[in-house]
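# Structural features, examined
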Amino acid sequence: MKLSRLYTNNSDFQTIDFNSWFNVIFWDHEKKDKPWENGVGKTKLLQLIDFMLWWSHSSFNKQIKTNLDWWVFFLEIEVKQDHYITISRFRNSAKISIKKHSINKQDYRDILDVEQEWNVWKCAEKQGIEIINSYLNFSTSFPYRTLIHYLLREQNDYASPFTTSKYMKHRDWKPYLYELLWFDGIILKRKYLLEDEQEQLKKQIENLRKDVPESINEIYVQKTELEERVQKLRQSSDISPFKSQNFDDTTIRELVQWIESEIYRLNRDQYRISTELELINESLEETTITEFQERQFKDFFCQLEGVLSEEGDNLKQRLIDVKKFQETLTLERNKYLKERKVLLESDLDAIAEKYKSLDDKKEQHLRKLQESDLFKKYQSQQREIAENLERINQLERELAIHHLIEEYSKKRNKIEEEIKELISEIKLQNSYTNYPELFTKISNLLKDTYSKVYDQTEKALIYLNTNHSWNPDFENKITDQKDNPLATDDGYTAKRILCALFILSIMAIYSEEGFNFFKFAYYDWVLESAWEGVKRNFIRETKELCNKYNIQYLISVIRTDLPTDKSIINQDIVITLSKNKKLFWKNF
């Protein structure tokens, strides 16, 4: 994938026709100009390319202070030789249109509103990314947007060749870079997902433990004692004095035995149903978390169509099967839980009605006994029985929570075992003797090119370590030719050159191996503060890499960042910017 042309429907923008290999965006500033206060548009050009490759329009708009609401941008991309697509997008729109064509340097401003002329018409983000992914057909298992920040570096984003400020967490970039360097990124992605699930279970267990005693045996002892007490109270209830009243045996039996037993049964049923409903609600909430993780999972696995090897096809099919099984299982489980929930809620309503009926009936009998002292004793016993039964119900709930904690703990232990297996695989991969051949090629090309840039006095090494979380750490080191570390390891210029050559080495080796992948990168102010020899050598070596491996590299420079012999880039300048000739002809 290379950039071919960028233009708009507005004459206030300079159309850019990109070279197939080395490109220079040149700011021809005057000595009195302050480079950091230029506003001519070289950094905005980088952001505009990102926007056209489906960067969020709201994020892009934050960077643009001028009014471009009715501007439409067109980006022509070379997908492969003699195959191009043009993407059109309004500045304030979250939708794009796409047209395929076989000849480059086209101008489609006149057909902007002619729907039938476009292969894809104003599609939304999700669909658009999937379509572009299908056109690019990359040899990686992740969407093209995942690595876009490695290809578009702004002037203050050179802290590390392995990540950028756009990636907030390690899990946002490490699995993808791991795979890009030809390690098994799937196991690392799987480890991060399992760790997320493990942490979620840990929080659930901690919340559940707040509501129950630590010892389950303590609960069993209390429950047994209360059940024995209830049994004794029931046995000691003396109904013979009631027979001296003017009540027949049927009335007394109904009052003491039937109504009491029915109310107790209803209480138990009500507790059982309420507990089951609570567990169903927790399960449905847990499913929501799983669906959120599935959206993360999808970003990683949904684009496996680009994997070329037989092993990749098998892996793709396995992941598709697992995904289908997961979706089917989740749908069936949720359907059952929701149906069960409706049924249980209906049962609760029925219990409430029956409870009211029994309570009314009990009141009818109790009115006849209110004047009896003996009834007061009986009433006290019944109150104690009810309190004990309520406490028994609470203890049964605590037991259910303990069982749920035990279930979650077993699940955590199972996850822990799987994580340990993944850690063993990661440690094995990170061993120097097991480095993939492709990684070694990238590393060697980077080392050789870096040495040439620094006149064979320095070389750059990249390697992997395993950190305290048993995840890979990508490391780099600058040494002399005898492998002695140099102070330039953390130098301002050294970091910028290393970042640039790292992505160039990846693109070069991928191109050499015939893999479908990005063949362009745009680095802003990469030569800032570099000394004369480094500037000259970097441009020479970069141009050689671009020509040899058929890759495209864009840099933005100001006049003072160029070597003394500026003729070295005369044929490579695709746009010249100045205070009188800005990218948008407007101030930002």
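The paragraphs below set out a description of the structure included in this document. Here the structure is a predicted model, which means the values were calculated and not measured. (Residues numbered from 1 in each chain as written. Predicted model: local features only at pLDDT ≥ 70, side-chain atom pairs only at ≥ 80, totals over all residues. Heavy atoms only, no water.)

### Here we look at the sheet that holds strand β1 (residues 2-8)
Pairing is antiparallel across the open sheet formed by 6 strands, whose spatial order is β2-β1-β4-β5-β6-β7. Whereas interior strands pair on both sides, the edge strands pair on one side only; in this sheet they are β2 (16-17) and β7 (120-123). Sheet topology places strand β4 (residues 72-80) next to strand β5 (residues 83-90); 8 bridges connect them, and they run antiparallel. Within the sheet, the bridge partner assigned to Phe74 lies in β5 and is Ser88. (Pairing = 2+ DSSP bridges. Helix = DSSP H or I, 4+ residues; strand = E, 2+ residues; numbered from the N terminus.)

### Brief notes about helix α12 (residues 437-453)
With 17 residues, α12 should cover 24 Å at 1.5 Å per step; its first-to-last C-alpha distance of 24 Å lies within 8% of that length. For α12, the secondary structure elements touched by its buried residues are α5 (174-180), β9 (459-466), β10 (472-479), α13 (492-512) and α14 (532-549). Asp455 occupies a position one or two residues after α12 and carries a positive phi of about 55°. (Expected span 1.5 Å × (residues − 1). Contact = heavy atoms within 4.5 Å.)

### A word on the pattern of salt bridges
Taken as a whole and judged by the stated rule, the model has 28 salt bridges. Among the salt bridges present, the one from Glu398 reaches Arg391, with a minimum N-O distance of 3.9 Å. The residue Asp572 makes a salt bridge to Lys543 at a minimum N-O spacing of 2.8 Å. With Asp572 in the loop between β12 (552-558) and β13 (573-577) and Lys543 in helix α14, the pair connects residues that are 29 residues apart, well separated along the chain. Bridged by salt links that share partners, the residues Arg265, Asp269 and Arg272 form one connected network. (Salt bridge = Lys/Arg side-chain N within 4 Å of Asp/Glu carboxyl O.)

### Things to note about α14
Given 3.6 residues per turn, any residue in an α-helix points the same way as the ones three and four places further on. Its 18 residues place the ends of α14 26 Å apart at the C-alpha level, agreeing with the 26 Å of an ideal helix rising 1.5 Å per residue. By the burial criterion, the buried members of α14 are Gly533, Val534, Lys535, Asn537, Phe538, Ile539, Glu541, Thr542, Leu545, Cys546 and Tyr549. Buried residues in α14 make contact with β3 (22-27), α12, α13 and β12. Count one or two residues on from α14 and you reach Asn550, which has phi positive near 55°. (Buried < 20%, exposed > 50% of the residue type's maximum accessible area, 1.4 Å probe, protein only.)

### A few points about the packing of aromatic side chains
Across all of its chains, the model carries 27 aromatic pairs by this definition. Ring centres of Trp182 and Phe515 lie 5.0 Å apart, and the angle between their planes is 10°; on these two criteria the pair is classed as stacked. Residue Trp182 is found in the loop between α5 and α6 (185-209), and its partner Phe515 is found in the loop between α13 and β11 (520-524); the two are separated by 333 residues along the sequence. Assessed through its relative accessible area of 38%, Trp182 is described here as partly exposed. Assessed through its relative accessible area of 18%, Phe515 is described here as buried. Here the aromatic rings of Tyr450 and Tyr454 are separated by 4.7 Å at their centres, their planes lie at 25°, and the arrangement is stacked. Classification of Tyr454 as buried rests on a relative accessible area of 7%. (Phe/Tyr/Trp six-rings, centres within 6.5 Å; stacked < 30°, edge-to-face > 60°.)

### A word on the pairing of strand β6 (residues 96-101)
A regular strand places its side chains on the two faces of the sheet in alternate fashion. For β6, a buried count of 5 out of 6 residues is recorded, marking the element as mostly surrounded by other parts of the structure. Where β5 and β6 come together, 6 bridges link them in antiparallel fashion. If you follow Tyr84 over to β6, its bridge partner there is His101. Hairpin remark: β5 followed by β6, antiparallel, with 5 residues in the connecting loop. Across 2 bridges, the pairing between β6 and β7 is antiparallel. Each bridged residue has a counterpart across the sheet, and for Ile96 the counterpart in β7 is Cys123.

### Section: the sheet that holds β13
Read from one edge of the open sheet, 5 strands run β8-β11-β12-β3-β13, paired in parallel fashion. Unpaired on one side and paired on the other, β8 (152-153) and β13 mark the two borders of the sheet. Of the pairings in the sheet, the one linking β8 to β11 comprises 2 bridges and is parallel in character. Paired with Arg153 across the bridge in β11 is Tyr523. Against the sheet, helix α1 (residues 42-52) makes contact with β3, β8, β11, β12 and β13, and its axis sits at roughly 145° relative to β11, the strand it touches most. (Axes fitted to C-alpha atoms, helices over the stretch in contact; angles between N-to-C directions.)

Purely geometric stuff here, so don't read any function into it on its own.
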